[in-house]
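Take a look at the letters that make up each chain.
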Amino acid sequence: MSTAATEKASDTSRLDARHQAVVRLIAGAIGEGIDRLMALSSALDDADADPESTQVVPLRADPTLMAVLGWVSELPEQVRSASRSASQVVYPVARAAGVVWDTGAYVARATGVTPFLQGFTEPFLTAMGEERERLTSVGTAEYARGRVLAVQVFEQSVDGIMGYIGESDELGELVREQTLGITGSAVREIRETGAAADGLTEGLFRKLLGKEKRPVPPMPVPQTE
Amino acid sequence: MSKDDFHILQDRSAGFVSRLLAYIIDVVLIAAIVAVGGAVSALMDRALDAMGTNLRVEMTVIYVWSIPLIIGAYYIMFWSLTGRTVGKWFMGLKVIGPNGQPPSIGRATLRFFGYGLSAIAFWVGYVWVVIDEERQAWHDHMAKTWVVYDYSRRKSGEIYDDYRDRVERPS
């Protein structure tokens with residue numbers, strides 16, 4: 001478990017014993033996941049994972065999207081270094097963008113605004129000039145590499161977190177209990193706040209209309225159907 | 001009304017804010033369903049295209065026309081079966097007919113079309129709740145329905161007790 005997560009978990013003086021256990025568990029599980037992620041990331045960086053060797057075929061190889069990905073991948077190193085391994089985020093982001101892209105294109109076709117949208121994308125792609133083909137190739141390679149990384153990171157991280165929780169029956173029980181309890185409290189709080197706001201809103205309008213404020217809301221009068 | 005008096009609201013007519021929040025939750029949920037449907041349609045379109053079958057026009061027509069059907073089915077089904085949509089369940093609300101039970105399919109259908117009428121007049125039909133004596137919107141008047149508070153009277157923690165009882169009780 002990482003040091004920062006451990007220190008944060010120890011600052012539980014204002015919580016009762018059960019909540020402290022839950023906080024430790026969550027902090028520990030996150031720490032466990034982060035540790036696994038860092039180890040995996042280092043291992044993959046050292047090995048310089050080759051997407052070609054994994055025989056992963058990109059699920060989505062739209063040339064336009066791949067060209068944009070290639071352009072992003074060639075951003076200055078300072079920008080790329082913000083993420084330790086840019087490829088780790090390329091695939092999830094590209095997949096999400098692909099779904100939005102497809103849906104948008106579909107709606108655009110149905111509503112007849114496709115030419116309008118092309119007015120935005122074409123100038124950008126045209127500005128790439130002769131680089132467009134090379135950037136498309138770079139984007140496709142990064143996309144494939146990102147997919148390899150994403151799958152491995154997801155599988156290993158989930159394994160790590162679930163393994164951590166699974167080590168203790170008592171902690172697993174606490175997670176279930178606290179999750180249900182906290183959810184129930186939050187829902188109740190929202191409902192109470194909503195009901196209080198109902199009364200305030202109605203009171204304000206009744207005052208504006210010169211009517212008396214009602215102490216409680218009306219009860220529907222059942223009729224014979 | 002303090003929060004200690006919360007339980008007295010049970011079965012009384014719900015106000016504008018709670019209903020608005022429930023409505024927003026439902027709209028977001030329906031938008032998500034429609035978006036997923038759009039993505040699936042787009043994928044099917046691509047797959048069919050790859051197989052040499054171009055049904056783009058037909059699929060677009062089906063998708064566009066299915067949207068109001070999905071919205072109608074969502075509301076009418078939930079109202080007539082349980083009196084609650086997901087949004088209303090979350091906010092602790094329930095739709096009832098004149099007999100105090102969830103509305104019939106016919107009444108729920110009428111209420112759904114009343115939604116359109118309430119919206120057409122710049123949503124005045126919805127806002128009407130704040131000045132109506134029985135807290136009914138226009139569509140409630142049309143279909144003779146009421147939206148009432150229907151809270152779980154269980155306190156926080158008892159939900160888990162129920163869960164544990166169900167899971168651990170020997171059969």
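What you see is a predicted model; the values in this text were computed from it and never measured.

When you go through chain A residue by residue, the secondary structure sums to eight helices and zero strands. The N-to-C order of helical and strand elements in chain A reads α-α-α-α-α-α-α-α. For chain A, the share of sequence-separated contacts (at least 6 apart) that also reach a separation of at least 24 residues comes to 83%. Summing over all exposed atoms, chain A offers an accessible surface of approximately 13900 Å²; the carbon and sulfur share of this is 61%.

Residues and elements named next belong to chain B. Mean pLDDT over chain B: 81, with 85% of residues reaching 70 or higher. This stretch, residues 153-160, has a pLDDT under 50; its non-local contacts, to residues over four places away or in other chains, come to 11 contacts. Residue range residues 166-171 is modelled with pLDDT below 50. Its contacts to residues more than four positions away, or to other chains, number two contacts. With pTM at 0.53, the complex prediction returns an ipTM value of 0.78.

Okay, the pairing of strand S1 (residues 93-96) of chain B next. Residue and element names in this part refer to chain B. Burial along S1 is two-sided: Leu-93 and Val-95 facing one way and Lys-94 and Ile-96 facing the other are all buried. Sheet analysis places S1 next to strand S2 (residues 146-149), joined by four bridges and oriented antiparallel. From the neighbouring strand, Leu-93 faces S2, where its bridge partner is Tyr-149.

Residues and elements named next belong to chain B. The biggest cluster of nonpolar side chains holds 22 residues, and the ones touching the most others in it are Tyr-75, Trp-79, Leu-93 and Tyr-149. Taken together, the elements giving at least two residues each to this core come down to helix H1 (16-50), helix H2 (56-82), S1, helix H4 (105-120) and S2. Among the elements that make up this core, the one with the highest residue count is H2 (five residues). Aside from chain neighbours lying at most four places away, what touches Leu-93 is Ala-14, Ser-18, Arg-19, Ala-22, Arg-84, Lys-88, Val-147, Val-148, Tyr-149 and Asp-150.

Residue and element names in this part refer to chain B. Across the interface, H1 lies against H2 with an axial gap of 10 Å and an inter-helix angle of 155°. Taken together, the axis directions place H1 and H2 in an arrangement best described as roughly antiparallel. As for how H1 packs across H2, the hand of that crossing is right-handed. Counted by class, the contact of H1 with H2 contains 15 nonpolar, three polar and four charged residues.

Here we take up the packing of aromatic side chains. Any two aromatic rings considered together are summarised by their centre-to-centre distance and by the angle between their planes. All names here are of chain B. In the structure shown here, the tally under the stated rule is 12 aromatic pairs over all chains. Their ring planes at 65° and their centres at 5.5 Å tell us that Tyr-115 and Tyr-126 sit as a pair that is edge-to-face. Of this pair, Tyr-115 sits in helix H4 while Tyr-126 sits in helix H5 (residues 124-127); the two residues are 11 residues apart in sequence, bridging distant segments of the chain. The residues Tyr-115 and Tyr-126 share a single accessibility class, namely buried. One aromatic cluster is present, formed by Tyr-23, Tyr-74, Tyr-75, Phe-78, Trp-79, Phe-112, Phe-113, Tyr-115 and Tyr-126 through successive ring pairs. Taking the ring centre of Trp-79 as reference, the NZ or CZ of Arg-111 above it sits at 4.6 Å.

A few words now on a nonpolar patch on the surface. All names here are of chain A. Taken together, the side chains of Leu-204, Phe-205, Leu-208 and Leu-209 make up a nonpolar region of the molecular surface, amounting to roughly 410 Å² of accessible area. Residue placement: Phe-205 occurs in helix H8 (residues 169-208). Residue Phe-205 is classed as partly exposed on the basis of its relative accessible area of 30%.

Moving on, we come to the packing of H2 of chain B against H4 of chain B. How two helices pack is summed up by the angle between their axes together with the distance between the axes. All names here are of chain B. At a minimum axis separation of 9 Å, H2 and H4 run at an interaxial angle of 135°. By the angle between their directions, the pair H2 and H4 is classed as oblique. Crossing geometry of H2 relative to H4 is assigned as right-handed. In this structure, H2 contributes Ile-71, Gly-72, Tyr-75, Ile-76, Trp-79 and Ser-80 to the contact, and H4 contributes Ile-105, Ala-108, Thr-109, Arg-111, Phe-112 and Tyr-115.

A separate point is H4 of chain B. Residues separated by three or four positions in an α-helix point in the same direction, a consequence of the helix having 3.6 residues per turn. All names here are of chain B. With 16 residues, H4 ought to run about 22 Å at 1.5 Å a step, and its terminal C-alpha atoms sit 23 Å apart, in line with that. Along H4, the residues that are buried comprise Arg-107, Ala-108, Arg-111, Phe-112, Gly-114, Tyr-115, Ser-118 and Ala-119. In an axial view of H4, the angular spread of the buried residues amounts to 160°, which keeps them on one side of the axis. Exposed residues lying more than 90 degrees from the buried face of H4 are Ile-105, Phe-113 and Ile-120. Positive phi appears at Phe-122, one or two residues downstream of H4, with a value of about 55°.

What counts as what
- Residues numbered from 1 in each chain as written.
- Chains lettered and ligands numbered in written order.
- Predicted model: local features only at pLDDT ≥ 70, side-chain atom pairs only at ≥ 80, totals over all residues.
- Heavy atoms only, no water.
- Helix = DSSP H or I, 4+ residues; strand = E, 2+ residues; numbered from the N terminus.
- Contact = heavy atoms within 4.5 Å.
- Areas by Shrake-Rupley, 256 points an atom, 1.4 Å probe, with all protein chains shown as cover.
- pLDDT = per-residue confidence, 0-100.
- Buried < 20%, exposed > 50% of the residue type's maximum accessible area, 1.4 Å probe, protein only.
- Pairing = 2+ DSSP bridges.
- Core = buried A, V, L, I, M, F, W, Y, C linked by side-chain atoms within 4.5 Å.
- Axes fitted to C-alpha atoms, helices over the stretch in contact; angles between N-to-C directions.
- Parallel < 35°, antiparallel > 145°, perpendicular 65-115°, else oblique.
- Left-handed = near helix turned anticlockwise from the far one by under 90°.
- Nonpolar A, V, L, I, M, F, W, Y, C, P; charged D, E, K, R; others polar.
- Phe/Tyr/Trp six-rings, centres within 6.5 Å; stacked < 30°, edge-to-face > 60°.
- Lys NZ or Arg CZ within 6 Å of the ring centre and 35° of its normal.
- Patch = residues over 30% accessible without salt bridge, like charges linked within 9 Å, V, L, I, M, F, W, Y side chains within 5 Å.
- Salt bridge = Lys/Arg side-chain N within 4 Å of Asp/Glu carboxyl O.
- Expected span 1.5 Å × (residues − 1).
- Arc of directions from axis to C-beta.

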